[in-house]
Amino acid sequence: MMAQKKKSTQASKGFSHPDYDSAVLNCFLEKQLQLFPEEVASTPEEAADFLEMCFAVVARSKKEVRTYFEEVGTDIEGEDLFSAAEVFPVGDGRYLIVEG
């Protein structure tokens, strides 16, 4: 039996995209109202589709969150990135970044 090549889940600078695991999907489903006025997904499948459509990324550390915002050109001087509506703490040290 031939081993299948695993699809790469890495984007530039180590951000995971677009494969979202159950912890990430559940985090988004539970906290989506912090960013959106109404639910945009009600199942893990809908959440995965929505996150992929928005090009959401998973940062593996606080440092990667800061790097992400620097790379996209966001002025983060003096900002508390971790209280921003776009940043969802997954609970295992990772952060989901969704730009609505």
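Check the entry above for the structure.
In this report, we go over the structure that sits alongside the text. Bear in mind the structure is a predicted one, so any value in this text is a computation, not a measurement. (Residues numbered from 1 in each chain as written. Predicted model: local features only at pLDDT ≥ 70, side-chain atom pairs only at ≥ 80, totals over all residues. Heavy atoms only, no water.)

1. A word on the pattern of salt bridges
When their charged atoms lie close together, side chains carrying opposite charge are able to pair. Under the criterion given, the structure shown has 3 salt bridges. As a salt-bridge pair, E64 and R60 come within 3.1 Å of each other at their nearest N and O atoms. Across the salt bridge formed by R94 and D92, the nearest N and O atoms sit 2.9 Å from each other. D92 sits in the partly exposed class, given a relative accessible area of 46%. (Salt bridge = Lys/Arg side-chain N within 4 Å of Asp/Glu carboxyl O. Buried < 20%, exposed > 50% of the residue type's maximum accessible area, 1.4 Å probe, protein only.)

2. Some words on the nonpolar core
Formed by 18 residues in total, the largest nonpolar core has its most connected members in Y20, V24, F28, L51, L96 and V98. Elements that contribute at least two residues to this core include exactly α1 (22–31) and α2 (44–53). Ignoring any residue separated from it by four or fewer positions in sequence, one finds L96 in contact with V24, F28, L51, A56, V57, V58, E86, V87, F88 and V90. In terms of nonpolar packing, the next biggest core, distinct from the first, is built from 10 residues, V57, V65, Y68 and F69 among them. (Core = buried A, V, L, I, M, F, W, Y, C linked by side-chain atoms within 4.5 Å. Helix = DSSP H or I, 4+ residues; strand = E, 2+ residues; numbered from the N terminus. Contact = heavy atoms within 4.5 Å.)

3. Regarding a negative patch on the surface
A contiguous patch of negative charge on the surface is contributed by E45, E46, D49 and E52. Position of E45 among the secondary structure elements: in helix α2. By relative accessible area, which is 55% here, E45 ends up exposed. (Patch = residues over 30% accessible without salt bridge, like charges linked within 9 Å, V, L, I, M, F, W, Y side chains within 5 Å. Areas by Shrake-Rupley, 256 points an atom, 1.4 Å probe, with all protein chains shown as cover. Lys, Arg positive; Asp, Glu negative; His and termini not counted. Charge placed at Lys NZ, Arg CZ, Asp CG, Glu CD.)

4. Let's talk about the environment of E86
Topologically, E86 is positioned in the loop between α3 (62–71) and β2 (87–89). With 13 residues separating them in the primary sequence, E86 and E99 have C-alpha atoms 5.7 Å apart.

5. Some words on the sheet that holds strand β1 (residues 57–59)
Pairing in this open sheet of 3 strands is antiparallel, and the strands run β1-β3-β2 from one edge to the other. Both outer strands of the open sheet, β1 and β2, are each paired with one neighbouring strand and no more. Across the sheet, the mean angle from the axis of one strand to that of its neighbour is 25°, orientation sign disregarded. Sheet analysis places β2 next to strand β3 (residues 95–97), joined by 3 bridges and oriented antiparallel. Looking at β3, one finds that P89 is bridged to Y95. Docked against the sheet, α3 engages β1, β2 and β3, running at close to 15° with respect to β3. (Pairing = 2+ DSSP bridges. Axes fitted to C-alpha atoms, helices over the stretch in contact; angles between N-to-C directions.)

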